[in-house]
Amino acid sequence: MTIRIENTSRRDFLKAGAGLTLAVVVPGARAAVLPGADGPSAVGGAASSAAEFAPNAFVRIAPDNTVTVVAKHLEMGQGTYTGLATLVAEELDADWSQVVTKGSPADAARYNNLFWGNAQGTGGSTAIANSFEQLRQAGATARAMLVQAAAERWRVPADEISVKAGVVSHAKSGRKAHFGELAEAASALQVPQQVKLKDPKDFTFIGRHVPRKDSVAKTTGRAQFTQDVKLPGMLVAVVAHPPRFGATVKSADDGGARTVPGVADVVRIPTGVAVLARDYWTAKKGRDALKIEWDDATGYRGSSDAILADYRKRAATPGTVARHDGDAAAALGKAGKVIEAEYAFPYLAHAAMEPLNCVMRLDANGCEVWNGEQFQTVDQMTVAGILGLKPEQVKLNMLYAGGSFGRRANPHSDYLVETAHIVKAIGGRAPVKLVWSREDDMRAGYYRPVYLHRLRAALDAQGKPVAWANTIVGQSILAGTAFESVMVKDGVDATSVEGAATLPYAIPNLQVELHTTNSDVKVPVQWWRSVGSTHTAYATEVFIDELAAAAGKDPVGYRLGLLVEHPRHAGVLKLAADKADWGRPLPAAKAGKRGRGVAVHESFNSFVAQVVDVTVMPDGQFKVDRVVCAVDCGIAVNPDVIRAQMEGGIGFGLAAALSSAITLKDGQVEQSNFNDYQVLRIDQMPRIEVHIVPSAEKPTGVGEPGVPPIAPALANALFAATGKRIRTLPIGDQLKA
C-alpha cells in the first residue's frame, strides 16, 4: 500500500472503474467506482491497470493498496500535502508509507474552501483549518466501509474488527486483509450517514512527526513545477510590459524581433507585446529587439516620496471609522501625557523563488492549463471569459508552486489572463508557456501597498493607556475585485485594518480610522504574506512598547496587564518570555551593545509571540542573534511543519524589516532583481526556537502568522540596545553613525 502525492486531472478523475474515493459524502449513496488508469498526461506519468474504489472526492483506495488523498489545496512549500494526508491517514488508520497525495481538479462543487463559500482556492492560512473535520470524516468513512466489507466477507461482527497500519484484522479468527483486497467489496456498500471520529488521545499521526510527502520528489527533481512542463509544439512567450503602470502601447516595431532565429511570432495583447519562440532565451532576445513607443497619457507618474508626503497630510485629517470604543478624542484632549508616533511602510514584492509562469493549450474541446494553481474558481471563470468558453471547459492542472506568498492568488488572474490573450492571439495553433523573468516579477506590479500609521495615546497617572487613536492611510487591496462587496463594509477594507481594529489591549477609549487612496494612487496591489498584519502588527506592537517605556514599565508585564481578557495572547507571550529568559540580563557583547525585544500578535486565528536578541556594533551595524517564538494554532496537526512555517515566516519577515522595499520614481519601479531588492541572506538568519502551545482547539493557520511579530520584536530589541526607535521600514542603515 502507498500514500503518494501527485496531480490528477478532472477528466482522469471521473473515468469509471473499481477502487475507493471518499470526500463529498452523499448519505445512503453507493460509492463510485473509478479506474486507476489515470493515463500518461502531457507532463508524464504511467498508466495503472488496476481499478480504484471511490466513495467520494478525497480518498481513493486501489487494489495495489495505494491510498491516494486528493488535495484541494495548492502545495507551495507550506506543507499542505503532508497536512491533508495526515488528516485522512489518521482516521483511516493507514500506514504512512502507503499514502500519496494528488492535486484536485478545479471543481468548486466538490473542492471548495469551506471558509470561502462556493469558491475553490488556497490562501489566508486556511488549508488545514477548513479541511480538518472534512478530511477526517473522509478517512473515517472509508475505514468504516472497509470494516463493513471485511465483516460481511468473514461473517463476523464489525465491532470485533480492528484496523492498524493499513491492515484490517479480526483477532479471534486470525483473518487479515489489506485495504486493496477489500476495495471492490466496499464499493458495493452504501456510504454511511454518520461515522465516529477518533478521540484526540488516540491520535497516531496528528501531533507527531511524519516525513513530508513532497520532500523526496523535490530533492530528487521528480516534482512537477510549471517550468518542467513541455508539450509537443509548445512555444515560450515573454511579454514587454510598460515601464509605468497604466501606460499602453502607442506603436511597436517588431521587425528586429522577427529576425531573431527561433522567434515564431510577435503579438500585441492588452498588457503589452508578447514574443513567442521555441525557448525562453530566444523569446527574451526577441523581446530585447522590440522597439516600442509607450503612451504614458494614462500612466501613473507618482513617486514613493510623494505618496508618503500625501499620506502624512491625510493622516492628520479624520478618516472612515473602523473601530470606535468610548471617546478617544475627548480622552486625548484632557490627558496630561500624550504619546505620538508615525510609522511608514513601503511597497513590497512577493519575490517567490519561482517567478510567475503558466502553460496553456487551446483545442476544440476547450482550454487546458498547467500551473501552480492557487485560485481555481476565479482563474477558471476569468480565463473562460477571455476565450469565450464555459468555466467547465477550462481544465486546470494544479502543479507544485515554488512559493507564492499570495501572488499566485491574484484577484484579477493577471498572469493567466496574459497567457489566455497570447493563446487567443495566435488562434490556439500551439500550446504556450508564459514565463516572467525576475525583472518582470519585480516591476510588472502587484505589491503589498505602502501604508502610513499615525498613532496617539494618553496615559493615566499609573502609566496605563486610557486612550488610543490610530489613523491608517493606504490603498485597498480589495477595491475593484470580486471581494469588495463582501469584505469592504462602510468604506473600510477589513484587510487594511486587521490587527489594528482588532487590537486586544484593554483600552477604554479606542478609535481606528482609515483613509483609502485607490482613486489617486494607481499602483497595482494585492495581499502579501500575512496581509494587513504586515503593517498593523508593527505599528501597534512598537507603539505599545513606546507606551511601556514612557510609563517606566517592563514591556512584557505591561502587555500582560492589558491582556486579561485575551488569555491566548497572554499564553504565547508568557511562553516566549519564559523560554527566552526574559528578565535576565543578556551576556555582554565583546563589542557593542545587546538588546532584547518582544511582540505578540494574532492573525488568521493563530497567536504568535516572539522575543528577539540583538547585538549592535559601535558603527550601527547589528546582528539578530536569536529569536524565540511561541505559537498557539490549536491542535498541532504536523508539529514539524508548524516549526518550519514559523522559521520561514521569521526569515521572510526579517527580510522586509531589514532591507526589502519597492520604490517608485516618476512612476517607474527602481528595483529589478535581488541585487537591489534585498532578501534575507543565509548569514543573516538567526538561531530560532519554536515552542508550540498544547491545545485542544481546532487547528488554525500557520503559513502566515509567523511573519507579523518579527519586525516589531526586532525594532523593540534595537531600542533596548540603543534607545533609538525605528519608525520607518526597512531599517536599512538607520542605526549607522
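(A) Molecular detail of the overall build of the protein. The secondary structure content of the protein amounts to 20 helices and 31 strands. Against the compact-globule benchmark of 27 Å for 737 residues, the protein has a radius of gyration of 27 Å, which places it among compact chains. Considered along the principal axes of its C-alpha atoms, the protein spans approximately 80 × 75 × 50 Å. Taken across its 737 residues, the protein has 59% of its residues classed as buried. Sequence-distant contacts, at least 24 apart, represent 75% of the contacts inside the protein between residues at least 6 apart.

(B) Expanded view of the packing of helix α19 (residues 639-658) against helix α20 (residues 710-722). α20 packs onto α19 with a crossing angle of 55 degrees between their chain directions and a minimal axis gap of 8 Å. The pairing of α19 with α20 is recorded here as oblique in orientation. Read as a crossing pair, α19 and α20 show a hand that is right-handed. Residues Ile650, Gly653, Leu654, Ala657 and Leu658 of α19 lie in contact with α20, whose contacting residues are Ile710, Ala711 and Leu714. Residue classes in the contact of α19 with α20 are distributed as seven nonpolar, one polar and no charged.

(C) Region of the structure containing the packing of helix α2 (residues 80-92) against helix α4 (residues 127-154). Axis separation between α2 and α4 bottoms out at 7 Å; the angle between their running directions is 35 degrees. Here α2 and α4 pass one another in a crossing that is right-handed. Contacts between α2 and α4 pair Thr80, Gly83, Leu84, Leu87, Val88, Glu91 and Leu92 from the former with Ala127, Ile128, Ser131, Phe132, Leu135, Arg136, Gly139, Ala140, Ala142, Arg143 and Leu146 from the latter. Counted by class, the contact of α2 with α4 contains 11 nonpolar, four polar and three charged residues.

(D) Here's a closer look at the pattern of salt bridges. Scanning the entire structure with this criterion turns up 45 salt bridges. Notably, a salt bridge pairs Lys250 with Glu293, separated by 3.7 Å at the nearest N-O pair. Of this pair, Lys250 sits in strand β11 (residues 248-253) while Glu293 sits in strand β14 (residues 291-295), and the two are 43 residues apart along the sequence. Note on Lys250: relative accessible area 55%, which makes it exposed. Classification of Glu293 as partly exposed rests on a relative accessible area of 40%. As a salt-bridge pair, Arg454 and Glu340 come within 3.8 Å of each other at their nearest N and O atoms. Residue Arg454 is found in strand β21 (residues 451-459), and its partner Glu340 is found in strand β16 (residues 337-345); the two are separated by 114 residues along the sequence. Assessed through its relative accessible area of 44%, Glu340 is described here as partly exposed. Among the charged side chains, a salt-bridge network with shared partners connects Glu75, Arg212, Asp214 and Lys218.

(E) Region of interest: helix α16 (residues 533-551). The terminal C-alpha atoms of α16, which comprises 19 residues, lie 26 Å apart, in line with the 27 Å expected from a rise of 1.5 Å per residue. Note on α16: the residue one or two positions beyond its end, Gly552, has a positive phi of about 70 degrees.

(F) Focus on the environment of Lys724. The topology assignment puts Lys724 in the segment after α20. We classify Lys724 as partly exposed; its relative accessible area is 36%. Separated by 10 residues in the primary sequence, Lys724 and Gln734 have C-alpha atoms spaced 9.4 Å apart. Residues in contact with Lys724, not counting those within four places in the same chain, are Leu718, Phe719, Gln734 and Leu735. Looking at Lys724, its side chain comes within polar contact range of the main-chain oxygen of Gln734, at 2.5 Å.

(G) Molecular detail of the sheet that holds strand β27 (residues 606-616). If you walk across this open sheet you meet the four strands as β26-β27-β28-β31, and the pairing is mixed. Of all the strands in the sheet, just β26 (593-603) and β31 (687-692) have a single pairing partner and so form its edges. Shown here is a sheet whose adjacent strand axes are inclined to one another by a mean of 15 degrees, direction ignored. Relative to strand β28 (residues 622-632), β27 runs antiparallel, the two sharing 10 bridges. Its bridge partner lying in β28, Asp613 is registered against Arg626.

(H) Structural view of the side chain of Ser187. Take Ser187: it is sitting in the loop between α5 (179-186) and α6 (215-220). Look at Ser187 and you get buried, because its relative accessible area is 9%. Separated by 2.5 Å, the side chain of Ser187 and the backbone oxygen of Glu184 make a polar contact.

(I) Structural context of the state of the cysteines. Under the criterion given, the structure shown has zero disulfides. In this model Cys358 remains outside any disulfide bridge; the closest cysteine sulfur is found in Cys367, 8.0 Å from its own. Here Cys633 stays unpaired: no disulfide links it, and the sulfur of Cys629, its closest cysteine neighbor, is 9.8 Å away. When its relative accessible area of 1% is taken as the criterion, Cys633 is described as buried.

(J) How the structure looks around helix α9 (residues 304-315). For α9, spanning 12 residues, the distance from its first C-alpha to its last is 16 Å, which sits close to the expected 16 Å at 1.5 Å a residue. Ser304, Ile307, Leu308, Tyr311, Arg314 and Ala315 are the residues of α9 that are buried. Viewed end-on, α9 has its buried residues packed into an arc of 115 degrees, placing them on one side of the element. Facing away from the buried side of α9, by more than 90 degrees, are the exposed residues Asp305 and Lys313. Turning to α9, the residues buried within the fold contact β16, β21, β22 (465-474), β25 (509-516) and β29 (664-665).

(K) Highlighting the side chain of Ser131. Within the fold, Ser131 resides in helix α4. The exposure class of Ser131 is buried, given its relative accessible area of 0%.

(L) Representation of the sheet that holds strand β20 (residues 432-435) in the model. Spatially, β12-β13-β10-β20-β17-β18-β19 is the arrangement adopted by the seven strands of the open sheet, whose pairing is mixed. Taken across any chain shown, the strands that pair with only one partner, and hence form the sheet edges, are β12 (263-269) and β19 (394-398). Across the sheet, the axes of successive neighbouring strands diverge by a mean angle of 25 degrees, strand direction being ignored. One ladder, built from six bridges, connects β12 with strand β13 (residues 272-277); its direction is antiparallel. Looking at the pairing, Val263 lines up with Ala277 of β13. Docked against the sheet, helix α8 (residues 280-288) engages β10 (235-240), β12, β13 and β20, running at close to 30 degrees with respect to β10.

(M) Here's a closer look at the packing of aromatic side chains. For the structure on display, the rule yields 15 aromatic pairs. On the basis of an interplanar angle of 40 degrees and a centroid distance of 4.4 Å, the ring pair of Phe405 and Phe652 is categorised as tilted. A residue pair is termed long-range when its members are at least 10 positions apart, and Phe405 in the loop between β19 and α12 (414-425) and Phe652 in helix α19 qualify at 247 residues. A residue is classified by how much of its surface remains accessible, and Phe652, at 14% relative accessible area, is buried. Lying across the ring of Trp96, Lys213 places its NZ or CZ 4.3 Å from the centre.

Conventions and cut-offs
Residues numbered from 1 in each chain as written. Predicted model: local features only at pLDDT ≥ 70, side-chain atom pairs only at ≥ 80, totals over all residues. Heavy atoms only, no water. Helix = DSSP H or I, 4+ residues; strand = E, 2+ residues; numbered from the N terminus. Rg over C-alpha atoms; globule rule 2.2 N^0.38 Å. Buried < 20%, exposed > 50% of the residue type's maximum accessible area, 1.4 Å probe, protein only. Contact = heavy atoms within 4.5 Å. Axes fitted to C-alpha atoms, helices over the stretch in contact; angles between N-to-C directions. Parallel < 35°, antiparallel > 145°, perpendicular 65-115°, else oblique. Left-handed = near helix turned anticlockwise from the far one by under 90°. Nonpolar A, V, L, I, M, F, W, Y, C, P; charged D, E, K, R; others polar. Salt bridge = Lys/Arg side-chain N within 4 Å of Asp/Glu carboxyl O. Expected span 1.5 Å × (residues − 1). Polar contact = N/O pair within 3.5 Å; in protein donor to acceptor, adjacent residues only side chain to side chain. Pairing = 2+ DSSP bridges. Disulfide = S-S within 2.5 Å. Arc of directions from axis to C-beta. Phe/Tyr/Trp six-rings, centres within 6.5 Å; stacked < 30°, edge-to-face > 60°. Lys NZ or Arg CZ within 6 Å of the ring centre and 35° of its normal.

So, to be careful, I would describe these as geometric facts and stop short of saying anything about function.
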